[in-house]
Amino acid sequence: MINLREIYEYREMIASLVRRDLRGRYKASVLGFLWTFINPLCQIIVYSFVFSTIMRTGIEKFYVYLVCGMIPWIFFSTAVQGGTTCIKNQSEMVKKIYFPREVLPISFVTSAFVNMLFCFVMIFAAILVSGLGFNPVALLFLPPIMLVEYFMALGFSMIVSALTVYFRDMEHITGVIMMAWIYLTPIMYSVEMIPEKLRGLFNFNPMTPVVQTYQKILYYRELPNAGTFVYAVILAIVILFIGSIVFKKLEKNFAEEL
């Protein structure tokens, strides 16, 4: 459904928008680029304290387990929640010039993805400090699962960005959904802690196989489960396909609605 050739022709525009977003994200702030690490680090410290001291999960080296799932989650959450306004915030551009409208969610999600790559420094640092070490063979699966998550986030971002043009409350609804979604994803607890009768329900969460794969590679230092990885790939393809259909259906009247 996405005109890949046309989008490829506008690759320079995508790159320009990504650079602009990365440069302008913390423009005029005192700490600037350091906020890339400070924001997720503060969340990790709080969750680590709560779930390792107050509500103990019993997971060994919990802070490593947490960071392996939290950094990918922050990217996904930013891409989806922030993606709600990526069309609306560029309303003047949408109304005045022609370009494939998919460029806007693609550039926004790509910017968030680059930000996640920087934050992976925190994961590697936590693993080195903990002494857990790495499995070089398992690390070969890290780029593929990153791409799977990227396309999954892009699919959701295309859906919410298009819907927000017509239904402005979507921005706030998505924020509420993302607040609940994190607790339905095995980031602060293991899948084994979920009651057996509820595990099937949790498997409907598209981020469950993605986070499990990250944890398998980075925390457990094992090759990802083939079934879990394939399930994540299938979900990403389906979500991106649905996202492209919804976006194409709704983009025709973007200029009028904005």
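Quantities reported herein were computed from a predicted structural model and do not represent experimental measurements. (Residues numbered from 1 in each chain as written. Predicted model: local features only at pLDDT ≥ 70, side-chain atom pairs only at ≥ 80, totals over all residues. Heavy atoms only, no water.)

**Notes on the environment of Pro136**
Within the fold, Pro136 resides in helix H7 (residues 136–139). For the pair Pro136 and Asp21, spaced 115 residues apart in sequence, the C-alpha to C-alpha distance is 33 Å. (Helix = DSSP H or I, 4+ residues; strand = E, 2+ residues; numbered from the N terminus.)

**What to know about the packing of helix H11 (residues 207–218) against helix H12 (residues 226–250)**
The geometry of H11 relative to H12 is characterised by a closest axis approach of 8 Å and an angle of 135° between their N-to-C directions. In terms of orientation, H11 lies oblique with respect to H12. Between H11 and H12 the crossing geometry is left-handed. On H12, the residues that touch Pro209, Val210, Gln212 and Thr213 of H11 are Thr228, Phe229, Tyr231, Ala232 and Leu235. Partitioning the contact of H11 with H12 into residue classes produces six nonpolar, three polar and no charged. (Axes fitted to C-alpha atoms, helices over the stretch in contact; angles between N-to-C directions. Parallel < 35°, antiparallel > 145°, perpendicular 65-115°, else oblique. Left-handed = near helix turned anticlockwise from the far one by under 90°. Contact = heavy atoms within 4.5 Å. Nonpolar A, V, L, I, M, F, W, Y, C, P; charged D, E, K, R; others polar.)

**Overview of the pattern of salt bridges**
Following the criterion strictly, the structure yields six salt bridges and no others. The shortest N-O distance in the salt bridge between Lys96 and Glu92 comes to 3.6 Å. Taken together, the residues Lys96 and Glu92, both in helix H5 (residues 91–96) and four residues apart, mark about one turn of the helix. Exposure remark for Lys96: the relative accessible area of 66% places this residue in the exposed category. By relative accessible area, which is 42% here, Glu92 ends up partly exposed. Measuring nitrogen to oxygen at the nearest pair gives 3.3 Å for the salt bridge that ties Lys248 to Glu102. On the criterion of sequence distance, the pair formed by Lys248 in helix H12 and Glu102 in the loop between H5 and helix H6 (103–130) is long-range, its members being 146 residues apart. Residue Lys248 is classed as partly exposed on the basis of its relative accessible area, which comes to 24%. Taking relative accessible area as the criterion, Glu102 reaches 3% and is therefore assigned buried. Within the structure, one salt-bridge network assembled from shared partners comprises Glu92, Lys95 and Lys96. (Salt bridge = Lys/Arg side-chain N within 4 Å of Asp/Glu carboxyl O. Buried < 20%, exposed > 50% of the residue type's maximum accessible area, 1.4 Å probe, protein only.)

**Points about unusual backbone geometry**
Phi is positive for Lys61, close to 50°, though the residue is something other than glycine. In this structure, Lys61 sits in the loop between helix H3 (35–54) and helix H4 (62–83). Despite not being glycine, Arg221 shows a phi value in the positive range, around 60°. Within the element layout of this structure, Arg221 appears in the loop between H11 and H12.

**Here's the deal with the environment of Ala15**
With respect to the secondary-structure elements, Ala15 resides in helix H2 (residues 11–24). Note on Ala15: relative accessible area 27%, which makes it partly exposed. Measuring from C-alpha to C-alpha, the distance between Ala15 and Met193 comes to 43 Å, with 178 residues separating the pair along the chain.

**Observations regarding the state of the cysteines**
A disulfide bridge is the covalent bond that connects two cysteines by way of their sulfur atoms. Summed over all chains, the structure comprises zero disulfides. A disulfide-free cysteine, Cys42 has its sulfur positioned 12 Å from the sulfur of Cys119, the nearest such atom. With a relative accessible area of 6%, Cys119 lands in the buried category. (Disulfide = S-S within 2.5 Å.)

**Let's talk about the confidence of the model for the chain**
When pLDDT drops low, the exact placement of atoms in the prediction is not to be read closely. Confidence in the prediction for the chain averages 87 pLDDT; 93% of positions are at 70 or higher. For the chain, H3 is the element with the lowest average pLDDT, namely 75, and helix H8 (residues 142–166) is the one with the highest, namely 95. (pLDDT = per-residue confidence, 0-100.)

**Remarks on the environment of Thr78**
Tracing the backbone through its elements, the reader meets Thr78 in helix H4. According to the relative accessible area criterion, Thr78 is partly exposed, its value standing at 31%. Expressed as a C-alpha distance, the spacing of Thr78 and Ile237, which sit 159 residues apart in the sequence, is 20 Å. In contact with Thr78, not counting residues within four places along its chain, are Gly83, Phe108 and Ala112.

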